[in-house]
Each structure stands twice: as structure tokens, then as C-alpha cells.
Amino acid sequence: MTRHGLHRITRLRNGPRRKAIAIGVVGGAVVAGIVATMMPLLASDDLSIRAVADTTATVVTQDGDNATKTTLATCPARCDGNPRGGREAVVEFAVTTVPAAAVNVRATLRMHAWQQFAATVTAHASALSARETRPTPATAGAALDTVTGVAKGVNEWDVSKLVTGNGTWTVSLAQTGLETRVYWASVENRDPDLRPSLVISYDLGTPPSSAPTTRPAPSASPSTPPTTAAPKPTLAPSRTPTPTGSPELPSGKCGQVSDTLVPSCGAWWGMYSPANAGSGWDHAKAITTVEAQVGRRFDIVHRYHDFSNAGSNGAFPDAYEAQQMREGRLMFFAWESRDFSAGTTLKWSDVYSGRHDATIDAVAGRIRAAKVPVFLGFDHEPEDEPNKGSDADFVRAWKYVYERFAKAGADNAVWVWTMMGWSGHYSRYAGLYPGDRYVDWVAYDPYNFHVCNGSTVWKSPSTTVDGFYRWLDENGIGVGKPRMLAEFGTNFNSADPGAKQRWFQEFPAALKAHPKIKAAIYFNSPGMTTRTATCDMTMNHDASAVAGFTQAGKDAYLRQPTGGSR
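Anyway, here's the lowdown on the structure attached to this text. (Residues numbered from 1 in each chain as written. Predicted model: local features only at pLDDT ≥ 70, side-chain atom pairs only at ≥ 80, totals over all residues. Heavy atoms only, no water.)

## Brief notes about the overall build of the protein chain
We count it as follows: Runs of H or I in DSSP of at least four residues are treated as helices and runs of E of at least two as strands, each being numbered from the N terminus. The buried label goes to any residue with under 20% of its type's maximum accessible area, the exposed label to any with over 50%, and the partly exposed label to all in between, with areas taken from a 1.4 Å probe on protein chains only. Whether two residues touch is decided by their heavy atoms; if any such pair falls within 4.5 Å, the residues are in contact. Residue burial considers only the protein chains on display, and all accessible areas are found by Shrake-Rupley using a 1.4 Å probe.
Secondary structure assignment for the protein chain yields eleven helices and 22 strands. The buried share of the protein chain, reckoned over its 566 residues, is 56%. Residue pairs at least 24 apart in sequence account for 82% of intrachain contacts in the protein chain once pairs closer than 6 positions are excluded. Surface exposure of the protein chain reaches about 21900 Å², of which carbon and sulfur atoms provide 52%.

In C-alpha cells, the structure reads:
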């Protein structure tokens, strides 16, 4: 975490970059992790498609030109006392980019409402024109999906029965149960995040001739103190290069995971939660405490490690992490070229000169011995590390570490390239990218700091994650790579006590609108910020924040049937 505008000041202090990183001396022997076999998968990047036209169908002439309004309306036939006041929202989408080889097409209609209503709204296939000024409501087409109780914010309907691929698709929303108007944002709304959208996902290829290998369900064994006895895996996953041509693919059903840990549907839900002296530097308890608060297990546990190759800071995976892997969680190791306890920083030239080969090889050996895929990132946010060397030095060091892992046979490391994603560094990111051969996932660290960094701007979840996401699209960095929020977080708003809860509640919708993001990990620490009466970036600083975060974690998009959330 870096607070833009303050990061150069905070970088001057000696010692580890994050106050939240443990500086304990817990020793742990290397332990093998969970036993699993991975299945092959090639899933598409999901598509988020904006509506091309919309209008409100009604016989109420006073409505005027509904096709140009910034809102749409729904209401039953008897509406606000008018027996002929019914209204239907009609939305048209032009889908043109679904490949011919797409199978298992899934489509979700997303509409924004400003208030919560006790209304039932059903999405129908529609023969009406969304381009007319005020079309007359007609007999509804086939019912596609129903929302019972309109939520404040984004509401969603599964329209996969209608949207089966490319074409022009029109959907109407019909309301029952509440005889007053519900307003929805239209394509003319000035905030693009609120406009109607269609999120489409699909898989590529044809079903295989035989059933694919599946990843066994994670063990449901209860948490126990870490041990140093390694279970013998039944089968270690391999990461052999994909052959030239079109490989046979699995059926594409949700619940499949690629050998680089890409889920076939939705996204992983992860957590960084620091241990402390009060807990005896118990890194397992740091996670299970939060899991108990939110009522689910996290798919990914994020830890930060250094180049000391000693203790809990540097000898990883440690016993806590081995236990977490046995319980079905995925590990993400952010490996920093530092020594946390000594407070020293390495230069990237130190890394690629061979000076630290013994440490690199030792870590590679332990990761290889885990025998399951793990996320690994070398020096996240390198654009904020001026004392380590140039951008070219970073790239050279990254490739050097990658190649030593390959030489050691640690091909279960899934490489995550993590940037801040700050617009002030856009000109540098191409020069910091090691190249597609050396990167499996592209990650960044977006935050809604609000007043924590001296700003007064409150950013919605969609705005928070959107900037670098769009920059990657527009500049062709990591094309085809899954994306990850390696860190994300939000402050609260002292002027609006419910704002943080709503932010969390709206977060799954932001991910669905940015479907290339296949993992999101909350950074549950003040990090470089300071807790004050107006600043607290943790997700559990009060009950309403916990309630919002809990609700987000219950969203089906973030509940992988293969992950910790089972």
C-alpha cells in the first residue's frame, strides 16, 4: 500500500516497507501443502457490454421522450393512482465480440437503482424497440429471471436463456408488487458506472471426449497447530507448456481451475491480515479470526516475505502456510528483496549478480516441495522502490529469479506481476513489464483512501478498480492474462457512517463489470496510513463495515466451489 502524494516521504524511513509485515522470529520447517490435481481449462475474458439504446414503454403521454432521459422507469399497470400508468424499462444490447468457438455462454443484465424498494422486477425477452420515444407496452415475452426486492445500487438478472452469442438482444423489465415507480439509470446517465450493462462470460472450444480430471474438494479438517510432518501427495500438478494448436478443453462448467489457478467462473476472494505480538505472531490465527467474523474461509491467503531465508519472514512456506494449504487455501507469497528484521534493502543488481543465489534456490526448493501451485510475486510495486535500481534492473532481476526457479524445477510457482496502478506511473509500466513469458497474472493495488491521503474524494468500487484496468486494455500489457487485485481497500466516511458498508456491498458488482479480474485480496491493515478519527482502512473496524464485507463475501461470484469458500 502506498498513499499517492505521501509515498516519497514515507519511503525515507529505515526498516520494512509495511508496518504490518511480521518481524517475528517464528521458525518453521518446510512442509508440503494440500493434495490436489488440477484440471486443464481455457476460459475467456468476460465481456462487459454497454447498452446501445433504451427507453421506457408506457401510454402515459406526459412522460415525453423517454429515449433521451437519464432514467428509465418500471411500474405495474396501476401506478401512483393511475390505472393506466404502467411502465416497462426496455434495454437493447449489440453483442459482436463473442468468438464462434464460444460455448457455455452466460449473460447477466446489470441495472442501477438509487433506492431500495419492496418490488418484484422480472426480466423478459422483448419485441419492443428500445429506440422509440415512448413505445406502447406489449405482452411480455419469455420470463428470464426475477429480482425480488430491488436493492439500492446494482441489481442483476440472469438472461442467459436469451443471450446465446452475438446478435441484437432486447430485454424489458416488468414490475409487480409495488404500485409506484422505480427509477433506473439509463444509457444517458452522466456516470458511466451506473449505465445498463451486460456481462457475458463463456468458454472456448468443445467438450472433451472424456471427463476431465477434477481438483478434489479441499479437506474439511479443523484447524490444528502447524506441524512439520508433510503429507505425501497423491499427484502433483504439472505446468507443462501448452502445445501449439487448439488443445482439448473441459466442459467449462463453473468450479474448474486452470494450472495457473484461474477459476472458470467468478473470482477468488482473499485476505491479508497481519499477525502481531499479542497473538504470538500466529499467522494462522490472524486469518481464522477474520474468517470467523465474516462467516467463510478465504480462497487466498496473502503473506509478505523477505530475502533473509530465516524464520517466519524468510523461510517460507512456513508451518502456518503449510497448514493453510492443507485446509484448502491458496497461498500468495509477495517476496520482497529486503531483510525485514535488519531493516535493510537490497538492490536489484544484487539479485541478478548472483549474490543471493543461495536464498533464491532455497526458496525455490521449498516451493517445489509444496507440490501444489502457489502464487508468487517478486518485489510488488517496484515503481515505488527508487533505491533498488532502475526499471530495467527490476526486469532483469525478475527474469533472473524466474529462470532460477525454472532451473530448480519449481514450476508450481504461478508468477504475479504486481504494480501500484497509479496514473502517475503510467509512462513506466511498459518498461517494468518482464514480458508474457515470465508473467502468469497481472495485478495492481487500488484503494479508496478518501481523507487518508489528504483527499476529499470518495471513489466507488468501480471507479477505484477501473483506472489501471482500462489502461492495461488500452496499452496492450499482459494481453490475455488474468488480473488480480493483489491489494485493495477502502477508508470509511465520517460524514456518512453507512458509506463503507455500502462500498463493500457494491464491490462484487464492480468485479463483474471488470471481468478480467479473477482474484481480489483485501489488505486488512493500516499499512502506510495512520488510524485517526477520519481514517481506518481495515475492513473490521466497526460492525457495519464487517456486515458489508460479509455480504460481499456471500456473493455467488466470489464463492468458488473449488476454493476455501465451500
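Still to come is the rest of the account.
## With respect to the side chain of Lys481
Under the convention used in this document: Positive charges are assigned to Lys and Arg, negative charges to Asp and Glu, while His and the chain termini are left out of the count. Salt bridges are defined as contacts in which a side-chain nitrogen from Lys or Arg sits within 4 Å of a carboxyl oxygen from Asp or Glu.
Relative to the helices and strands, Lys481 is located in the loop between helix 9 (461-475) and strand 21 (483-490). Here Lys481 sits buried without a salt bridge, and the closest side chain of opposite charge, Asp436, lies 4.8 Å off (N-O distance). With near-sequence residues (within four places) excluded, Lys481 lies in contact with Tyr433, Asp436, Val439, Asp440 and Val442.

## So, unusual backbone geometry
Omega for the bond connecting Phe316 with Pro317 falls within 30 degrees of zero, at 0°, which places this linkage in the cis form. The residue Pro317 is located in the loop between helix 3 (311-314) and helix 4 (319-326) in this model. Positive phi, close to 45°, is recorded for Asp379, a residue that is not glycine. Take Asp379: it is sitting in the loop between strand 17 (374-378) and helix 7 (391-407). Note on Asp379: relative accessible area 0%, which makes it buried. Positioned with a positive phi, His450 is a non-glycine residue whose angle comes to about 55°. Residue placement: His450 occurs in the loop between strand 20 (447-448) and helix 9.

## With respect to the side chain of Asp54
How we decide: Any pair of nitrogen or oxygen atoms within 3.5 Å is treated as a polar contact; in protein, a donor-acceptor pairing is required on top of that, and neighbouring residues in sequence qualify only through side-chain atoms on both sides.
With respect to the helices and strands, Asp54 occurs in strand 2 (residues 53-57). The charged side chain of Asp54 is buried without a salt bridge, its nearest counter-charge being Arg195 at 8.6 Å. A polar atom in the side chain of Asp54 sits 2.8 Å from the backbone nitrogen of Val187. Beyond its immediate stretch of four places on either side in the chain, Asp54 contacts Asn66, Ala67, Leu72, Val90, Val91, Ala130, Ser186, Val187, Glu188 and Pro196.

## Quick word on the pattern of salt bridges
Tallying each qualifying case throughout the model produces 26 salt bridges. Glu327 is the partner of Arg329 in a salt bridge, and the nearest nitrogen-oxygen pair spans 2.4 Å. We note a salt bridge from Asp466 to Arg470, for which the minimum N-O separation is 2.9 Å. Taken together, the residues span about one helical turn, with Asp466 and Arg470 both in helix 9 at a distance of four residues.

## Details of the nonpolar core
Under the convention used in this document: Here, the term nonpolar core denotes a set of buried Ala, Val, Leu, Ile, Met, Phe, Trp, Tyr and Cys residues that are joined through side-chain atoms within 4.5 Å.
Within the largest apolar cluster, 68 residues are counted, with the highest numbers of intra-cluster contacts made by Phe405 and Trp417. Ranked by residue count, the leading element in this core is helix 7, at seven residues. Excluding anything up to four places from it in sequence, Trp417 contacts Phe394, Trp398, Tyr429, Leu432, Tyr433, Pro434, Val439, Trp441, Val442, Ala443 and Ile477. Judged by nonpolar contacts, the second largest core, of 36 residues, contains Ala51, Phe117, Val121 and Val182.

## As for the state of the cysteines
Rules: Disulfides are defined as cysteine sulfur pairs within 2.5 Å.
If you walk through the whole model with that rule in mind, you get two disulfides. Here Cys75 pairs with Cys79 through a disulfide, and the sulfurs are 2.0 Å apart. Disulfide Cys75-Cys79: the torsion about the S-S bond is 95°, which places it as right-handed. Residue Cys75 shares its accessibility class with Cys79, and that shared class is buried.

## Some thoughts on the environment of Tyr304
Tracing the chain through its elements places Tyr304 in strand 13 (residues 300-305). In sequence terms Tyr304 and Pro274 are 30 residues apart; their C-alpha atoms lie 9.4 Å from each other. For Tyr304, the side chain forms a polar contact with the side chain of Glu487, separated by 2.7 Å.

## Observations concerning helix 7
Within an α-helix, residues lying three or four positions from one another point in the same direction, as the helix has 3.6 residues per turn. What counts here: Here, expected helix span is obtained from the residue count minus one, scaled by 1.5 Å.
For helix 7, which comprises 17 residues, the first-to-last C-alpha distance of 25 Å matches the rise-based estimate of 24 Å (1.5 Å per residue) to within 8%. Burial in helix 7 covers these residues: Asp391, Phe394, Val395, Ala397, Trp398, Val401, Tyr402, Arg404 and Phe405. Summarising the contacts, the buried residues of helix 7 are in contact with strand 14 (330-335), helix 5 (348-352), helix 6 (357-370), strand 17, strand 18 (413-419) and helix 8 (429-432). Two residues or fewer past helix 7, Gly409 is found with a positive phi of approximately 80°.

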